[in-house]
Each structure stands twice: as C-alpha cells, then as structure tokens.
Amino acid sequence: MSQHVLDQFMFVALPYVCLFTFFLMTIYRYRMQSFSYSSLSSQFLENKHHFWAVVPFHYGILVVTAGHFVAFLIPRTLLAWNSHPLRLYVLEITALAFGLLTFIGLTGVIVRRLSSSKVRIVTSPTDWILFAMLLIQTGSGISNALVYPWGSSWFATSMAPYLWSILKLSPDVTFVTAMPWMIKLHVVLAFLTIGFFPFTRLVHVLVIPNPYLWRKPQVVRWYGRK
Ligand code: HEM
C-alpha cells in the first residue's frame, strides 16, 4: 500500500467511519439500551482506592479534553495568547500537568480493577480494550508534549484546520501527513476512541445527571418508628 493510500485511509476514511458510527450507535444505544447508558459505578464493590484513581483521572481528562476543544474552536485566540512566551509556558506546563494527572489516575483505575477481585469480575473485555486505548492515548499525548513541544501552537495551526476540513466535508490531509508518526498515532487513536465510544461505558459522559440541578430534592424517610 502506498503512503498516499495509507494517509487517505487513516485521515479521511477512518475519521468518517468513526464519526458515523459514533452518531448512529450513540443514538441507537440510547433508545434501545438506556438502562446500561451509564458508567456503572463500582464504588460499592471497592472504596479504598476508588477515590485516588477515578477522581484524579477525571480532573485530568476533563481539563485536557477542554483544552483540545479550545484549540479547535478558537485557534487564533490561542495563538494570540501564546505570542507572549510567559503565557505559552504557563499554558504548556498546565496542560502537561493535567496530562500527567490523567495518566496517573488512569494507571490507578487499571491497577484497582486488576487488584480487587470483586471489581475485576465486573470488568468486561470491552472495558480492558477501552482502558488500553485510553492509556496509549494519554501516553502518546504526554510523549508528544515532551518530544514536540509547544503543541498548543502547532495544534492551532495544523490540527485545527485539518479537523475543520473533516467537519466541513472537504478533507485536507496535507496538514497532518507531514506530522511525525507519534502524532499520527494520537490522531488515529482519537478517532478510533470516538468510534468505539458508543459501545463502552464512556457513554456516561453524555448523561451527566443534569436534572439534579433543577429537580426537587429527594426526601428519604425511614419507614416505622425507632
Ligand atoms: C462529563 C463529566 C464526567 C462525569 C460527571 C463523569 C462521571 C463518572 C462517574 C460517576 C464514574 C463512575 C465512577 C465509579 O463510581 O466507579 C465514571 C467512571 C469513568 N469515567 Fe467518567 N465522567 C465524566 C467524564 C469522563 C470523560 C471525559 C472520560 C474520558 C475518557 C471518562 C472516563 C471514565 C472511565 C474510563 C470510567 C471508569 C472508571 C472505573 O470505574 O474504573 N469520564 N465517570
């Protein structure tokens, strides 16, 4: 397979297949299996290491994901922010710190599921594949940050236009084909994770219990006298 065909497959065909699967299957699963549309908490099975794994992981991943969205949505503003070296350093170090927090938390999540027999039993092969993908994704993200610094700037100038070209149905792979293989791996794995999303516990991201914000508080009363 020539490099050109491979690039077209990885950065045009694959993204569309994954995005299509994401939208179709996310809606399908919500309609057909809404009961399993959750993160299926395992806290009641093991609560000793739970906090120190799940919480740092979530703080990390939420900030890192938000950062990717900012660079995608307002790349020019980001470049203006980065035009001052001190601001660039602050942004890059903050992003790296939250990336490391994600990696440490995720390692904790995996170790907890391996070491507690009760939690291991309720961990499906899909969970293990997802954890492996997230671990490689986070690991490659951190490696990219260390080996190819100032990612916030090159994301804004190269990745954002590529992603917009995909979204506008006019794919332009020139932005991404010249990238080193480790960055390409990060992009391909991101799309694979999006495609895999509806088949995993990640669907919980879409059903945060928003009604808690406005619904009436639940009052629990014991039945009977003490
Ligand atoms: C949008 C905000 C989010 C909320 C409110 C949220 C909430 C939760 C909750 C309540 C759990 C169950 C923890 C437990 O009790 O066992 C969980 C687990 C999990 N979440 Fe999230 N989450 C969010 C975003 C994300 C994102 C963006 C990811 C991306 C990768 C993610 C990945 C996971 C994973 C992999 C687990 C399983 C951890 C385990 O139980 O071993 N979450 N989340």
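Not measured: the values here are computed from a predicted model.

Calculation notes
- Residues numbered from 1 in each chain as written.
- Predicted model: local features only at pLDDT ≥ 70, side-chain atom pairs only at ≥ 80, totals over all residues.
- Heavy atoms only, no water.
- Helix = DSSP H or I, 4+ residues; strand = E, 2+ residues; numbered from the N terminus.
- Expected span 1.5 Å × (residues − 1).
- Buried < 20%, exposed > 50% of the residue type's maximum accessible area, 1.4 Å probe, protein only.
- Contact = heavy atoms within 4.5 Å.
- Core = buried A, V, L, I, M, F, W, Y, C linked by side-chain atoms within 4.5 Å.
- Near = heavy atom within 4 Å.
- Polar contact = N/O pair within 3.5 Å; in protein donor to acceptor, adjacent residues only side chain to side chain.
- Nonpolar A, V, L, I, M, F, W, Y, C, P; charged D, E, K, R; others polar.
- Salt bridge = Lys/Arg side-chain N within 4 Å of Asp/Glu carboxyl O.

Caption draft 1: Representation of helix H2 (residues 50–73) within the structure. Relative to the 34 Å expected for 24 residues at 1.5 Å per residue, H2 spans 34 Å between its end C-alpha atoms, a close match to the ideal helical length. Inspection of H2 places His 50, Ala 53, Pro 56, Phe 57, Gly 60, Ala 71 and Phe 72 among the buried residues, and these make up the whole buried set. The inward-facing, buried residues of H2 abut helix H3 (75–82), helix H4 (85–115), helix H6 (125–147) and helix H7 (151–167).

Caption draft 2: Representation of the nonpolar core. Phe 11, Met 159, Tyr 162, Val 173, Val 176, Val 187 and Phe 191 are the most contacted members of the largest nonpolar core, which has 21 residues in total. Of all the elements in the fold, those that place two or more residues in this core are helix H1 (3–32), H2, H7 and helix H9 (181–196). Looking at which element gives the most residues to this core, the answer is H1, with six residues. Formed by 16 residues, the second largest nonpolar core is a distinct cluster that contains Val 109, Phe 131, Met 133 and Phe 196.

Caption draft 3: Spatial organisation of the site of the ligand. Close to the ligand lie 19 residues; Ser 41, His 50, His 58, Arg 113 and His 204 are nearest. Contact distances for the ligand include 2.7 Å between a nitrogen atom and a side-chain N or O atom of His 58. Mapped onto the shell around the ligand, the elements with two or more residues apiece are H2, H4 and H6. Element by element, the count of residues in the shell around the ligand is highest for H2, at six residues. Counted by class, the shell around the ligand contains ten nonpolar, seven polar and two charged residues.

Caption draft 4: Expanded view of the pattern of salt bridges. For the coordinates displayed, the defined rule picks out three salt bridges. With a shortest N-O distance of 2.6 Å, Arg 112 and Glu 46 are connected by a salt bridge. Placement of Arg 112 in helix H4 and of Glu 46 in the loop between H1 and H2 is noted, with a sequence separation of 66 residues between them. There is no split in this pair, since Arg 112 and Glu 46 are both buried. The shortest N-O distance in the salt bridge between Asp 127 and Arg 201 comes to 3.0 Å. Of the two residues, Asp 127 is situated in helix H6 and Arg 201 in the segment after H9; the sequence distance between them amounts to 74 residues. The exposure class assigned to Arg 201 is buried, which follows from its relative accessible area of 12%.

Bear in mind that shape data such as this cannot, by itself, settle questions of function.
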